[in-house]
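Here are the chains, one letter per residue:
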Amino acid sequence: FLLKLLFAEGVLHLQTCCNYCDEKSIMIGGGESLCSAHGKPFGISFSEGELLLLIQLSTCHLFSELDTYTLSASLLERTQALFTELIC
């Protein structure tokens, strides 16, 4: 639900490639998907599979879909840190 809120507010721009070039995203910093060259010092790292999952969660159309996904404790913790970074 936190991802949907960030996405709806326009502060989260998730994609599989960097927002500045065509390289693969490895982190999210300032609400943007970033590669290693454009990464920010306090960016939060995610694997390719985790980024895909975050994209699916942030763009799903039904809240009931959210129950079909399972997040590891580590991914949940990083998602909450992302929320805190972007809202606070």
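Fair warning: this is a prediction, and the values are worked out from it, not measured in the lab.

Enquirer: With reference to specific residues and values, describe a nonpolar patch on the surface.
Expert: Residues Phe1, Leu5 and Phe63 make up a contiguous nonpolar surface patch of roughly 340 Å² in combined accessible area. You can see Phe63 is positioned in helix α3 (residues 63–66).

Enquirer: So what's going on with the environment of Thr59? Which residues, and what values?
Expert: Tracing the chain through its elements places Thr59 in helix α2 (residues 48–59). Separated by 55 residues in sequence, Thr59 and Lys4 have C-alpha atoms that sit 6.8 Å apart. Setting aside its immediate chain neighbours within four residues, Thr59 contacts Lys4 and Phe7. For Thr59, the side chain forms a polar contact with the main-chain oxygen of Ile55, separated by 2.7 Å.

What counts, and where the lines are drawn
Residues numbered from 1 in each chain as written. Predicted model: local features only at pLDDT ≥ 70, side-chain atom pairs only at ≥ 80, totals over all residues. Heavy atoms only, no water. Patch = residues over 30% accessible without salt bridge, like charges linked within 9 Å, V, L, I, M, F, W, Y side chains within 5 Å. Areas by Shrake-Rupley, 256 points an atom, 1.4 Å probe, with all protein chains shown as cover. Salt bridge = Lys/Arg side-chain N within 4 Å of Asp/Glu carboxyl O. Helix = DSSP H or I, 4+ residues; strand = E, 2+ residues; numbered from the N terminus. Contact = heavy atoms within 4.5 Å. Polar contact = N/O pair within 3.5 Å; in protein donor to acceptor, adjacent residues only side chain to side chain.

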